[in-house]
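Next come the chains, spelled out residue by residue.
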Number of protein chains: 2
Amino acid sequence: MRGFSRIAAILTVGLVLCGCGKKSDENQQGGITMVVHGGAGTILKENMTPEREREYRDVIEAALRAGHEILVGGGTSIEAVVAAACVFEDSPLFNAGKGSVFTGQGTNEMDASIMDGSTQNAGAVAFVTTVKNPIKAALEVMSSTKHVMLVGRGAELFAAERGLEIVGPEYFFTQRRWEALLKAKEKDKQQSSGLSKGPDMSKFGTAAAVALDGDGNLAAATSTGGLTNKMHGRVGDSPIIGAGTYAKNSTCAVSSTGQGEYFMRGLLAYEVSALMEHAGMTVEAAAKEVVEQRLGLLGGRGGIIALDGRGNVAMEFNTAGMYRGYVRDDGQLHTFIYRDE
Amino acid sequence: MRGFSRIAAILTVGLVLCGCGKKSDENQQGGITMVVHGGAGTILKENMTPEREREYRDVIEAALRAGHEILVGGGTSIEAVVAAACVFEDSPLFNAGKGSVFTGQGTNEMDASIMDGSTQNAGAVAFVTTVKNPIKAALEVMSSTKHVMLVGRGAELFAAERGLEIVGPEYFFTQRRWEALLKAKEKDKQQSSGLSKGPDMSKFGTAAAVALDGDGNLAAATSTGGLTNKMHGRVGDSPIIGAGTYAKNSTCAVSSTGQGEYFMRGLLAYEVSALMEHAGMTVEAAAKEVVEQRLGLLGGRGGIIALDGRGNVAMEFNTAGMYRGYVRDDGQLHTFIYRDE
């Protein structure tokens, strides 16, 4: 038995050491769990002030707390991921809701999706410009229609009919995002025309949450403003079930962030689940495989959070950093920004 | 050796007998192949006149011929699937382009997508109302932008900029589809309000093509007008990579048709590829598994066409019929409508 313990210890250390992002304990045995991300990208400590870092961590913690309160109170994983996503959407710091980036036309076009791991039901909105909390509109699509996805004006009218808060374009105006657009447009001018024009795909942001509730049900939610200077009407991976969001009780709940087009071509959120189901991988191994092999080999950059039905957490990314965190039953908030924390 | 031959023969007969839809020869060895479908549903011989049946078969044959001509001339699978999809889009008989059904608002909102199996590149448009051939707009998104998906007005402006033919709403008016909308609305009135309202999800149509070219490259294209009486802004599986369309040279090219929301939740086009890649299934077994187990168990109805890199064809459906056909090097056109042909 001692020999087995030693081997198990070596294997555990090995698994932890070979991990790319920060990982939680291996082989959790259920219990409520909440994981969030606020986007991945070139997030370097040297470019951050302590005050700025604190502001980001505060929002990540607030999102975790919002979801955790619901879970400890016996709420569902769906309720928890919506609450957490709304915290990100209401902050000007993250690229979702209030803090959404501007399109090339100077508008804010938002996308969001949600999936219930217990029923495989899903809802999504894309290309919405007037809904204060796009994730709530995605939830309404899932719970109040036969459809999975509504886009544009149809989605906006539906959200208003369902009593969701509608806001004018001024609500989504933030000086920082506007300056980012002007800078991107200036860069465009300096470049030759053609394919090189368009959004800077090295800058991206998303906000998301995955959760496991007391009944063992998984859920995932993702919300985004897309890419700065993106084309009018461009829809990325965030509202696409299987690309940006996926949840299935028997495998995992997943949300991705990064260069959305790579996640769409590779169905990378779903692929984490497929590798668990068909190839018998753990959630950590599947998330690592997807980020390092699938995303990396396609030449894409970004990250994934994933959570299985036993509460095992994976937070993988191939960028400098990813705003992320998790919380379990004990309520202790774990937040991370850079690679080595 | 005789023993082995006998076992092989028994296995082959067994495989053919257990098939759900009509299948082509097993273990093809490459060579150009083209497969199309024009939607699945309650298509019964007793409701069809010989003239009407001939009209449908004529369009299926024209689509196959258009793609085949390109392939025998050394064209790519991408060119072939676009040509075939355009034949369906230009016909008033199929629910795509010209023959698109009406939304609940009396508009025509179309979706289309395309994927290149050799590069994993993809393009899609959704919620477009002015583009004569939505599949051409999807192709332009794939070949001329960094994006995978454009929706609504953004997609329409882009299509016009790229020189595609733009038409007014009168182009998409067909008396038959208009009457179908009026009938659906009448049915709505008779039903109670709430979740039971909305599109009749037992009536659906799509047009699609998958192809294998002389260089061994696979491609898939799907185009649709969606559901009669659908909600303004509803987007189904057809423009979603992985749900309605998928292609990867090492596995297969797939297009699905049916109750789109089930294909979106289950990522059923991608799942055919995932079962081949991760579970070692043949294209026939994977397509059968997806339609019978995945779609069927979710309670959904529809069908799938799939083609692997050796030219093996699968055409599976759990509805009464599916407009479908295939052609190989020899140019002989095989078309089918009902289950037992």
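For the structure itself, consult the block above.
Cut-off values and rules
- Residues numbered from 1 in each chain as written.
- Chains lettered and ligands numbered in written order.
- Predicted model: local features only at pLDDT ≥ 70, side-chain atom pairs only at ≥ 80, totals over all residues.
- Heavy atoms only, no water.
- Helix = DSSP H or I, 4+ residues; strand = E, 2+ residues; numbered from the N terminus.
- Buried < 20%, exposed > 50% of the residue type's maximum accessible area, 1.4 Å probe, protein only.
- Contact = heavy atoms within 4.5 Å.
- Areas by Shrake-Rupley, 256 points an atom, 1.4 Å probe, with all protein chains shown as cover.
- Expected span 1.5 Å × (residues − 1).
- Buried area = accessible area lost by both parts, 1.4 Å probe.
- Salt bridge = Lys/Arg side-chain N within 4 Å of Asp/Glu carboxyl O.
- Polar contact = N/O pair within 3.5 Å; in protein donor to acceptor, adjacent residues only side chain to side chain.
- Least-squares fit on C-alpha atoms with pLDDT ≥ 70 in both.
- Axes fitted to C-alpha atoms, helices over the stretch in contact; angles between N-to-C directions.
- Parallel < 35°, antiparallel > 145°, perpendicular 65-115°, else oblique.
- Left-handed = near helix turned anticlockwise from the far one by under 90°.
- Nonpolar A, V, L, I, M, F, W, Y, C, P; charged D, E, K, R; others polar.
- Pairing = 2+ DSSP bridges.

A. Representation of the overall build of chain A. Per the secondary structure count, chain A includes 9 helices and 13 strands. When burial is assessed residue by residue, chain A has 62% of its 341 residues classed as buried. When contacts within chain A are restricted to residue pairs at least 6 apart in sequence, those whose partners lie at least 24 apart make up 70%. For chain A, the exposed surface amounts to about 12,400 Å²; the carbon and sulfur share of it is 54%.

B. How the structure looks around helix 3 (residues 77-90) of chain A. Residue and element names in this part refer to chain A. Taking 1.5 Å of rise per residue, 14 residues should cover 20 Å, and helix 3 covers 20 Å from first to last C-alpha, within 8% of that figure. For helix 3, the tally of buried residues reaches 11 of 14 residues, placing the bulk of the element in the interior. All buried positions along helix 3 are accounted for by S77, I78, A80, V81, V82, A83, A84, A85, C86, F88 and E89. Packed against the buried residues of helix 3 are strand 1 (33-41), helix 2 (50-72), strand 2 (110-116), helix 4 (134-144), strand 5 (207-212) and strand 6 (218-224).

C. Representation of the interface of chain A and chain B within the structure. Listed per partner, the contact involves 48 residues of chain A and 47 residues of chain B. Note on chain A versus chain B: buried area summed over both sides is about 3,900 Å², and carbon and sulfur give 65% of it. Applying the counting criterion to the chain A and chain B interface returns 2 salt bridges. E277(B) serves as the salt-bridge partner of R294(A), at 3.4 Å between the closest nitrogen and oxygen. Run the count over chain A and chain B and you get 14 residue pairs in polar contact (both at pLDDT 80 or more). For the side of chain A that touches chain B, the elements supplying multiple residues, two or more each, are strand 3 (121-128), helix 4, strand 4 (149-151), helix 5 (152-161), strand 7 (234-235), helix 7 (260-266), helix 8 (268-279) and helix 9 (283-298) of chain A.

D. Looking closely at the relation of the copies chain A and chain B. Expressed as a screw transformation, the operator carrying chain A onto chain B has a rotation angle of 180 degrees and an axial translation of 0.0 Å, and the superposed copies differ by an RMSD of 0.0 Å. One copy is carried onto the other by what is essentially a two-fold rotation axis. Residue H278(A), judged by its C-alpha, is the member of chain A lying nearest the rotation axis, at 2.9 Å. Most of the interface of chain A is mirrored in chain B, where 98% of its interface residues again form contacts.

E. Looking closely at the packing of helix 8 (residues 268-279) of chain B against helix 9 (residues 283-298) of chain B. All names here are of chain B. Running from N to C, helix 8 and helix 9 point in directions that differ by 130 degrees, and their axes come no closer than 9 Å. When the interaxial angle is binned, helix 8 and helix 9 end up oblique. The crossing of helix 8 and helix 9 is right-handed. Contacts between helix 8 and helix 9 involve L268, E271, V272, L275 and M276 on the former and, on the latter, V283, A286, A287, E289, V290, R294 and L295. Here the contact of helix 8 with helix 9 is built from residues that sort into 9 nonpolar, no polar and 3 charged.

F. Molecular detail of the packing of helix 2 (residues 50-72) of chain B against helix 3 (residues 77-90) of chain B. Residues and elements named next belong to chain B. Relative orientation of the contacting elements helix 2 and helix 3 amounts to 160 degrees, with a least axis distance of 8 Å. For the element pair helix 2 / helix 3, the angle class is roughly antiparallel. Handedness of the helix 2/helix 3 crossing: right-handed. Across the interface between the two elements, V59, I60, A62, A63, A66, G67, I70 and L71 from helix 2 touch S77, E79, A80, A83, A84, V87 and F88 from helix 3. Counted by class, the contact of helix 2 with helix 3 contains 12 nonpolar, 2 polar and 1 charged residues.

G. How the structure looks around the pairing of strand 3 (residues 121-128) of chain B. Residue and element names in this part refer to chain B. For strand 3, a buried count of 7 out of 8 residues is recorded, marking the element as mostly surrounded by other parts of the structure. Sheet analysis places strand 2 (residues 110-116) next to strand 3, joined by 6 bridges and oriented antiparallel. Bridging from a neighbouring strand, M110 pairs with V128 of strand 3. Taken together, the 3 bridges between strand 3 and strand 4 (residues 149-151) define a ladder with parallel strand orientation.

H. Examining the side chain of T103(A) more closely. Residue position: T103(A) is located in the loop between helix 3 and strand 2. Excluding its chain neighbours within four sequence positions, the residues that come into contact with T103(A) are E109(A), L181(A), N229(A) and K230(A).

I. Spatial organisation of the pairing of strand 9 (residues 252-258) of chain A. Residues and elements named next belong to chain A. The element strand 9 is extensively covered by neighbouring structure, given that 7 of its 7 residues are classed as buried. Residues C252, V254, S256 and G258 point to one face of strand 9 and A253, S255 and T257 to the other, with burial holding for every one of them. The pairing of strand 8 (residues 245-247) with strand 9 spans 3 bridges and is antiparallel. Within strand 9, the residue paired with Y246 across the bridge is V254. The sheet contact formed by strand 9 and strand 10 (residues 302-308) spans 7 bridges and is antiparallel. Bridge pairing links T257 to G303 in strand 10.

J. Local environment of the sheet that holds strand 9 (residues 252-258) of chain B. Residues and elements named next belong to chain B. Spatially, 8-9-10-11 is the arrangement adopted by the 4 strands of the open sheet, whose pairing is antiparallel. The open sheet terminates on both sides in strands that have one partner only, identified here as strand 8 (245-247) and strand 11 (313-317). Recorded for the sheet is a direction-independent mean angle of 10 degrees between the axes of neighbouring strands. Helix-sheet contacts for helix 8 involve strand 8, strand 9 and strand 10 (302-308), and the interaxial angle to strand 9 is about 145 degrees. Packed on one face of the sheet, helix 9 meets strand 9, strand 10 and strand 11 and runs near 15 degrees to strand 11.

Any functional reading would require information that these geometric values do not contain.
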